[in-house]
Amino acid sequence: MKNAIARSAAALTGLLAVLTQAAELPTGTVISKENIDRVKNETFEGKTVASMLPEKLEWMIREQGLTIKLRKSEEVPKDPRWIEATKKYSDEVKFDPKTRQIGGYKAGLPFPSVDPNDPHAAVKLMWNANQAGGYPRGTLQDYPLFAFLFIDGNKGIERVQHWALIRYYMTGRLTDSPVLGDGSIQFQQLLFAHYPQDIQGLGTFTIRYTDARPDDIWAYLRTVRRTRRLSGGAWADPIGGTDQLNDEVEIMNAHPTWYPEYKLVGKRWMLAVAHSRVPPWNEDAKTQQEQFPNVDLSGPPYWNPVDEWEPREVYVIEATPPKEHPYSRKVVYLDQDTWVFYFAEAYDKGGDL
């Protein structure tokens, strides 16, 4: 009798443990350093919080004060023209394993089905991200006004710069002919500063080619009112006076073949911002926090994002830059459905984050 009671008690304890572990967090839950140990083994949309936090993202919560507000996941709508272009043109795309180049690309997704066991799977996924056929960016990327915030992690914003980015795609187009010209140019880009006065007018014009040749880049130097041609290696240089590299525009901005090696680490779920609900900039607001509501300026380190996060399935890819690059490696998290990079880890030559 005692053994039966003991077995019943043990079974009940086990059931309660399972129920506790399976507790589902409600939408709107905020994960922070104060509650992460309590909630990391609980679930959201059937997946544990711990399983959706890459190591460095968890580190940001614990050590850098990042907070993550959970929202229900939603499908990201796709342009029907992009879907049709993928069906129409993807069979024409050829991959050269020696050069890691692609040929025959016009529009849509180059590789709609990538076998993870393919030794070239990682670089094919990078081609998907690089040549996503106009989706989700469109034929024209036009950011007429965006801000760089120069932040002291102990004090807050020290300086603000206003810039513009205009990128016109010559391949992967969905509006008329999928390719303009002979197909040798992927895009042409203007990047220039609006404010403050000491940098106003400073900018670059870039031509990115579809083959592996270096970019053609010209800079306008307002101090001498002249243009100067830059080295093709400027893709790995900082933008203006910032610490963001040209290579880090939208996380990865290099021609896929410029990185000598990619490794597909695997596929996983992670929490990411896929449907932003917070405006990035209210230029006419009175306070800095009202001006930049998607940056937490309430306390150190003053640079954490403020938004709503949802479960997304991503590819994890480790990229090895060329020797002249300031980083020794990058780890990127690429959405397997939208081909957007959500998150990246950059490591210096000493291997430190």
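Structure's up top.
The model shown is predicted, which means the values in this text are computed figures rather than measured ones.

As for the pairing of strand E9 (residues 185–195)
Turning to step 1, where the next piece is worked out: With eight bridges joining them, strand E8 (residues 156–169) and E9 adopt antiparallel strand pairing. In the strand pairing of E9, His162 is matched with Tyr195.
Turning to step 2, where the next piece is worked out: Note: E9 against strand E10 (residues 203–209), seven bridges, orientation antiparallel. For Ile185, the partnering residue across the bridge sits in E10 and is Tyr209.

Description of the nonpolar core
Turning to step 1, where the next piece is worked out: Ranked by size, the top nonpolar core spans 35 residues in total, and within it Met252, Tyr262, Ile317, Leu334, Trp339 and Phe341 carry the most contacts.
Turning to step 2, where the next piece is worked out: Breaking this core down by element, the ones donating at least two residues are helix H4 (80–89), helix H5 (121–130), strand E14 (308–320) and strand E15 (329–335).
Turning to step 3, where the next piece is worked out: At seven residues, the largest contribution of residues to this core is made by H5.
Turning to step 4, where the next piece is worked out: When near neighbours in sequence (up to four residues on either side) are disregarded, Met252 contacts Met126, Asp247, Tyr259, Tyr262, Ala319, Lys330, Val332 and Phe341.

A few points about the environment of Arg268
Turning to step 1, where the next piece is worked out: Among the secondary structure elements, Arg268 is positioned in strand E13 (residues 261–272).
Turning to step 2, where the next piece is worked out: Looking at Arg268, the relative accessible area reads 25%, which means it is partly exposed.
Turning to step 3, where the next piece is worked out: C-alpha of Arg268 to C-alpha of Glu308: the two residues are 40 residues apart in sequence and 19 Å apart in space.
Turning to step 4, where the next piece is worked out: Ignoring anything within four residues of it in the chain, the contact list for Arg268 reads Ala50, Ser51, Met52, Leu53, Pro54, Arg312, Glu313, Val314, Val316 and Tyr333.
Turning to step 5, where the next piece is worked out: Looking at Arg268, its side chain comes within polar contact range of the main-chain oxygen of Ser51, at 2.7 Å.

What about the side chain of Thr139?
Turning to step 1, where the next piece is worked out: Relative to the assigned elements, Thr139 resides in the loop between H5 and strand E7 (140–152).
Turning to step 2, where the next piece is worked out: What Thr139 contacts, discounting residues up to four positions off in sequence, is Arg167, Tyr168, Tyr169, Arg173, Leu174 and Thr175.

A word on the pattern of salt bridges
Turning to step 1, where the next piece is worked out: All chains considered together, the criterion is met by 22 salt bridges.
Turning to step 2, where the next piece is worked out: Here Glu58 and Arg62 are joined by a salt bridge, their closest N and O atoms 2.9 Å apart. Placement of both Glu58 and Arg62 in helix H3 (residues 55–64) is noted, with a separation of four residues, approximately one turn of the helix.
Turning to step 3, where the next piece is worked out: Note that Glu310 is salt-bridged to Arg312, the shortest N-O span being 3.7 Å.
Turning to step 4, where the next piece is worked out: On the basis of relative accessible area, Arg312 is assigned to the buried category, the value being 8%.
Turning to step 5, where the next piece is worked out: One network of salt bridges, in which partners are shared, links Lys69, Arg71, Glu74, Arg277, Glu308, Glu310, Arg312 and Asp335.

Some words on unusual backbone geometry
Turning to step 1, where the next piece is worked out: The amide bond that connects Tyr195 to the next residue, Pro196, takes the cis arrangement and shows omega of 5°.
Turning to step 2, where the next piece is worked out: Here Pro196 shows up in the loop between E9 and E10.
Turning to step 3, where the next piece is worked out: Cis geometry is adopted by the peptide bond preceding Pro301, which originates at Pro300 and carries an omega value of 5°.
Turning to step 4, where the next piece is worked out: Its location among the elements puts Pro301 in the loop between helix H6 (288–291) and E14.
Turning to step 5, where the next piece is worked out: Phi angles above zero are rare outside glycine, and Trp339 is one such case at about 60°.
Turning to step 6, where the next piece is worked out: Within the fold, Trp339 resides in the loop between E15 and strand E16 (341–347).

Points about a nonpolar patch on the surface
Turning to step 1, where the next piece is worked out: Taken together, the side chains of Leu140, Ile166, Tyr168 and Leu190 make up a nonpolar region of the molecular surface, amounting to roughly 310 Å² of accessible area.
Turning to step 2, where the next piece is worked out: Relative to the elements of secondary structure, Leu190 occurs in strand E9.
Turning to step 3, where the next piece is worked out: Owing to a relative accessible area of 39%, Leu190 belongs among the partly exposed residues under this scheme.

As for H3
Turning to step 1, where the next piece is worked out: Looking only at H3, the buried set comprises Leu57, Glu58 and Ile61. Down the axis of H3, the buried side of the element spans an arc of 100°, and every buried residue falls inside it. In this structure, H3 carries Glu55 and Glu63 as exposed residues pointing more than 90 degrees from its buried face.
Turning to step 2, where the next piece is worked out: Packed against the buried residues of H3 are strand E1 (30–31), helix H2 (36–39), strand E4 (68–70), E13, E14 and E16.
Turning to step 3, where the next piece is worked out: With its phi angle positive at about 75°, Gly65 sits one or two positions after the end of H3.

Conventions adopted
- Throughout this description, residue numbers start from 1 for each chain and increase along the sequence as written.
- Local features in a predicted model are, by the rule used here, given only for residues with pLDDT of at least 70; side-chain atom pairs are given and counted only at 80 or more, and totals for whole chains, interfaces and linings are based on all residues.
- Water and hydrogen atoms play no part in the side-chain values, which are based on all heavy atoms of the structure.
- Pairing between strands requires that DSSP locate at least two bridges from one strand to the other.
- Strands are runs of DSSP state E lasting at least two residues, helices are runs of H or I lasting at least four, and both sets are numbered from the N terminus onward.
- To qualify as a nonpolar core, a set must consist of buried Ala, Val, Leu, Ile, Met, Phe, Trp, Tyr and Cys residues joined through side-chain atoms within 4.5 Å.
- A simple rule labels every residue: compare its accessible area, found with a 1.4 Å probe on the protein chains alone, to the largest value its type can have, and call it buried under 20%, exposed over 50%, or partly exposed in between.
- In this analysis, two residues are considered to be in contact whenever any of their non-hydrogen atoms come within 4.5 Å of each other.
- Distance and chemistry together define a polar contact, namely a pair of N or O atoms within 3.5 Å, with one atom able to donate a hydrogen and the other to accept it when in protein, and with adjacent residues in sequence counting only for side-chain atoms on both sides.
- Each salt bridge in this description consists of a side-chain nitrogen of Lys or Arg and a carboxyl oxygen of Asp or Glu lying within 4 Å of one another.
- What goes into a patch is any residue over 30% in relative accessible area without a salt bridge, connected to like charges within 9 Å or, for nonpolar side chains (Val, Leu, Ile, Met, Phe, Trp, Tyr), within 5 Å.
- Shrake-Rupley sampling with a 1.4 Å probe provides the accessible areas, and residues are treated as covered by the protein chains on show and by no other component.
- To be clear, the arc concerns the directions from the helix axis to the C-beta atoms.

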